Amino acid sequence: MKLDFTRNRIGLLVALALGVSACTPAKPVAEAEYGAKIVGNWLGTVGDMKESIAFSADGSFIAQLRPQGFISNTLSQGVTGTIRGTWAISGKTITLKITSEEDERVKNSVTSSTILSFSTDKFLVKSAQGETSAFTRTLSL
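1. Some details on the side chain of Thr-82
- Within the fold, Thr-82 resides in strand β4 (residues 81–90).
- Discounting chain neighbours no more than four positions away, the residues touching Thr-82 are Ile-62, Ala-63, Gln-64, Ser-100, Glu-101 and Glu-102.

2. Description of the confidence of the model for the protein chain
- Per-residue confidence for the protein chain gives a mean pLDDT of 80, with 70% of residues at or over 70.
- The secondary structure element of the protein chain with the lowest average pLDDT is helix α1 (residues 2–22), at 47, and the one with the highest is helix α2 (residues 34–37), at 96.
- In the model, residues 1–7 has pLDDT below 50 throughout and makes zero contacts with residues more than four positions away in sequence or in other chains.
- In the predicted structure, residues 12–22 sits below a pLDDT of 50 and forms zero contacts with residues beyond four places in sequence or in another chain.

3. Re the nonpolar core
- Residues Ile-38, Trp-42, Phe-55, Phe-61, Phe-118 and Phe-123 are the most contacted members of the largest nonpolar core, which totals 20 residues.
- For this core, the secondary structure elements donating two or more residues are β2 (49–55), β3 (60–67), β4, β5 (93–102), β6 (110–119) and β7 (122–127).

4. Thoughts on the packing of aromatic side chains
- The tally for this structure, following the rule as stated, stands at six aromatic pairs.
- Taken together, a centroid distance of 6.0 Å and an interplanar angle of 80 degrees make the contact between Trp-42 and Phe-118 edge-to-face. A residue pair is termed long-range when its members are at least 10 positions apart, and Trp-42 in strand β1 (residues 40–46) and Phe-118 in strand β6 qualify at 76 residues. In terms of burial, Trp-42 and Phe-118 fall into one category: buried.

5. Re the pattern of salt bridges
- Scanning the model with the defined rule gives one salt bridge in all.
- Among the salt bridges present, the one from Arg-84 reaches Glu-102, with a minimum N-O distance of 2.8 Å. Of this pair, Arg-84 sits in strand β4 while Glu-102 is found in strand β5, placing the two residues 18 residues apart along the sequence.
- A relative accessible area of 32% places Arg-84 in the partly exposed class.
- Overall, Glu-102 belongs to the partly exposed group, its relative accessible area being 42%.

About the thresholds
- Residues numbered from 1 in each chain as written.
- Predicted model: local features only at pLDDT ≥ 70, side-chain atom pairs only at ≥ 80, totals over all residues.
- Heavy atoms only, no water.
- Helix = DSSP H or I, 4+ residues; strand = E, 2+ residues; numbered from the N terminus.
- Contact = heavy atoms within 4.5 Å.
- pLDDT = per-residue confidence, 0-100.
- Core = buried A, V, L, I, M, F, W, Y, C linked by side-chain atoms within 4.5 Å.
- Buried < 20%, exposed > 50% of the residue type's maximum accessible area, 1.4 Å probe, protein only.
- Phe/Tyr/Trp six-rings, centres within 6.5 Å; stacked < 30°, edge-to-face > 60°.
- Salt bridge = Lys/Arg side-chain N within 4 Å of Asp/Glu carboxyl O.

Written out as structure tokens, the structure is:
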């Protein structure tokens, strides 16, 4: 009986240790590495739109925007807009130059945002209008 109690206790401690080690925060990305580390697929929310964006190593991007809301989210009735262009990072500033759009009206052909934080799986940006948006890395769009 005492052996079972000790075994269960050790098992609980091992499980707890593994659980805590899996919860370690994502490693911050150094500012000098932003351009290399942003390459890939990201999901986020900008205003009232869900946005998926793929940054390519050649400096191009493609973003897909979809309205949020009950009908859009549950019945897939939202129209998805697509924006294509180029991106560049200088310091903490990411600049997007829009070259084409489909089913989306873009007010400016160039926009910049400040990167507030960047880790291996998440980044936070603040637009020139003061709006903050978070993006999470995904495997594919």
